[in-house]
Protein chains: 2
Amino acid sequence: MTIRYPNGKPYSPKPSEPKTTQQRKNKNLSFSNRGKTLEDEIDEANDYYLKKNLAIIHKKPVPVQIVKVEYPSRSAAVIREAYFRTPSTTDFNGIWNGYYIDFDAKETASKSSFPLKNIHEHQMTHMQQVTEQNGVAFIIVRFSSLERYFLLPYDILQKAWLAMKHGERKSIPFSTFEEEAFEIQAGYYPRIDYLPVVQQLITTKRHGCANKEMKE
Amino acid sequence: MTIRYPNGKPYSPKPSEPKTTQQRKNKNLSFSNRGKTLEDEIDEANDYYLKKNLAIIHKKPVPVQIVKVEYPSRSAAVIREAYFRTPSTTDFNGIWNGYYIDFDAKETASKSSFPLKNIHEHQMTHMQQVTEQNGVAFIIVRFSSLERYFLLPYDILQKAWLAMKHGERKSIPFSTFEEEAFEIQAGYYPRIDYLPVVQQLITTKRHGCANKEMKE
């Protein structure tokens, strides 16, 4: 008998190959999900989507300025001096069914609201630019203490961001997520199957190609 | 009097802020273009597109596995041990007017053909996946000795790649570029203004959004 998930996909116990030691450490598919970061969960989903040809979404590497590299004989090149650079984009981007997808992953321990200090100016600028080019920009927020996940569209984030700039509250209340964001139901594998929710977002926002008019 | 380029854009002598020391070293807008790599030229174009809100296309950082980081007091964190990882994608991706754009930049000194050894298996796989998701995948090739630039659509690259796999020639003749690729005319600034050619490609191939039917 085939065990199936709510989304109808058959249960396959084999997890995707982890790309990083971090992922390898955390290859834990149980519901308790100890120690696994939201980024790991999204990497897991992206690996799954890639294998199933559902979407091509990758995490961008951390930008580093490489200064010194050593080439030991008979072994791999070793970077001996490098510095972190500020990213100019969000962490994840790619394509699903012709749509350009661009987002960041954020976690908060708060039960009552999402603090906007989790968002950086350059991320807002980038998501604004993506939106102007009619891409699909959003953030995925995990309320760790509640174990609830939401996809928050950029336009709602932007509204809160601008309000903050005008001296209003520095966080987005949880109620706004329940009312205006798209909840992602955590499953088994991939635990964070966010693609169906992206599809909902696209339908709702009437995203289209070569069409700058977007429904607000 | 405003000086204008063939594409009608007014001449602005101020170059974009370089993102890397590499670019800073090479901020040379002359036609001779000494020592400037194709990647630098494409970065220059991308910076220009970003500033003018024409397209949001970024080079992906080199993926590195960071092992050891030092935190000297009163100065930036220093990466003391890291290793290069094999990228799983092409170097450039982003969005233009709702279209997902994905490409790599390749240079050859050959005057007669483009050697396919410049292309890696993982890049072909990625461009195939992008094409299946209805993204716009291609490579930009610079024939350095001829100072001529071409945008080669993925489907033409794929044809040559598969032929090679079946024991046929290991390179794409220059004549194929002249006949089937889209030539990019080198200008002043940005020197490699490739966006109009991408637009041509999209029109020719009838790329569409959320529409998997593509003309071969």
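These numbers were taken from a predicted model, which means no experiment stands behind them.

Novice: What am I meant to see in the packing of helix 3 (residues 121–132) of chain B against helix 4 (residues 154–165) of chain B here?
Specialist: Relative orientation and spacing of two packed helices are given, respectively, by the angle between their axes and the distance between those axes. Residues and elements named next belong to chain B. One way to put it is that helix 3 packs onto helix 4 with a least axis distance of 11 Å and a crossing angle of 135 degrees. Relative to helix 4, helix 3 is oriented oblique. For the element pair helix 3 and helix 4, the recorded crossing hand is left-handed. Together, Glu121, Met124, Met127, Gln128 and Thr131 of helix 3 and Tyr154, Leu157, Gln158, Trp161 and Lys165 of helix 4 make up the contact between the two elements. Of the residues contributing to the contact of helix 3 with helix 4, the split by class is 5 nonpolar, 3 polar and 2 charged.

Novice: Help me out: how do you make sense of the pairing of strand 5 (residues 99–108) of chain B in this one?
Specialist: Along any regular strand the residues' side chains alternate between the sheet's two faces. Residue and element names in this part refer to chain B. In terms of residue burial, strand 5 counts as a mostly covered element, since 9 of its 10 residues are buried. Here 5 bridges tie strand 4 (residues 92–96) to strand 5, and the two strands are oriented antiparallel to one another. Bridge pairing in strand 5 links Asn93 to Asp102. Hairpin connection from strand 4 to strand 5: 2 residues lie between these consecutive antiparallel strands, with Asn97 at a positive phi of about 50 degrees. Note that strand 5 and strand 7 (residues 136–143) share 8 bridges and pair parallel. Its bridge partner being in strand 7, Phe103 is matched across the sheet by Phe138.

Novice: Is there a simple way to explain the UniProt feature "binding site: Mg(2+)" (unreviewed entry) in chain A in this structure?
Specialist: All names here are of chain A. Per the UniProt entry, the sites bearing "binding site: Mg(2+)" (unreviewed entry) are Thr89, Asp91, Asp104 and Gln123 in this numbering. Considering the C-alpha atoms alone, the annotated residues occupy 35 residues of sequence yet fold into one spot, their largest mutual distance being 9.1 Å. Sequence-distant contacts of Asp91, defined by excluding residues within four places in its chain, comprise Glu39, His58, Lys59, Lys60, Phe103 and Asp104. Accessibility expressed as a relative area gives 1% for Asp104, which makes it buried. Every residue in contact with Asp104, bar those within four places of it in the chain, is listed here: Thr90, Asp91, Gln123, Phe138, Ile139 and Ile140. Polar contacts involving the side chain of Asp104 include one to the main-chain amide nitrogen of Asp91, which spans 3.4 Å.

Novice: Help me understand the interface of chain A and chain B in this model?
Specialist: How big an interface is tends to be stated in terms of accessible area lost as the parts join. Listed as interface residues are 46 residues of chain A and, on the opposing side, 46 residues of chain B. In total, chain A and chain B occlude about 3900 Å² of area from one another, counting both sides; carbon and sulfur atoms represent 62% of this. Scanning the region where chain A abuts chain B turns up 12 residue pairs in polar contact (both at pLDDT 80 or more). Looking at the side of chain A that touches chain B, the elements with two or more residues in it are strand 1 (56–59), strand 2 (64–70), strand 3 (78–84), strand 4 (92–96), strand 5 (99–108) and helix 3 (121–132) of chain A.

Novice: Help me understand the pairing of strand 8 (residues 148–153) of chain A, please; the structure alone is not making it clear to me.
Specialist: Residue and element names in this part refer to chain A. Counting buried positions over the 6 residues of strand 8 gives 5, a clear majority of the element. Note: strand 7 (residues 136–143) against strand 8, 6 bridges, orientation antiparallel. The residue of strand 8 that forms the bridge with Ile139 is Leu152. The loop that links strand 7 with its antiparallel partner strand 8 comprises 4 residues; one of these, Glu147, has a positive phi angle of about 50 degrees. Taken together, the 3 bridges between strand 8 and strand 10 (residues 182–184) define a ladder with antiparallel strand orientation. Along strand 10, the bridge assignment pairs Phe150 with Glu183.

Novice: Help me out: how do you make sense of the sheet that holds strand 3 (residues 78–84) of chain B in this one?
Specialist: Strands belonging to one sheet form pairs held by backbone hydrogen bonds; the direction of such a pair is parallel or antiparallel. With antiparallel pairing, the 4 strands of this open sheet are ordered in space as 2(A)-3(A)-3(B)-2(B). Strand pairing shows two members of the sheet lacking a second neighbour, strand 2 of chain A together with strand 2 (64–70) of chain B, which therefore form its edges. Neighbour to neighbour, the strand axes of the sheet diverge by 30 degrees on average, direction disregarded. With 6 bridges connecting them, strand 2 of chain B and strand 3 of chain B associate as antiparallel partners. Residue pairing across strands places B:Ile66 opposite B:Ala82, the latter belonging to strand 3 of chain B.

Scoring rules and cut-offs
Residues numbered from 1 in each chain as written. Chains lettered and ligands numbered in written order. Predicted model: local features only at pLDDT ≥ 70, side-chain atom pairs only at ≥ 80, totals over all residues. Heavy atoms only, no water. Axes fitted to C-alpha atoms, helices over the stretch in contact; angles between N-to-C directions. Helix = DSSP H or I, 4+ residues; strand = E, 2+ residues; numbered from the N terminus. Parallel < 35°, antiparallel > 145°, perpendicular 65-115°, else oblique. Left-handed = near helix turned anticlockwise from the far one by under 90°. Contact = heavy atoms within 4.5 Å. Nonpolar A, V, L, I, M, F, W, Y, C, P; charged D, E, K, R; others polar. Buried < 20%, exposed > 50% of the residue type's maximum accessible area, 1.4 Å probe, protein only. Pairing = 2+ DSSP bridges. UniProt positions renumbered as here; feature names shortened; annotations may be inferred. Polar contact = N/O pair within 3.5 Å; in protein donor to acceptor, adjacent residues only side chain to side chain. Buried area = accessible area lost by both parts, 1.4 Å probe.

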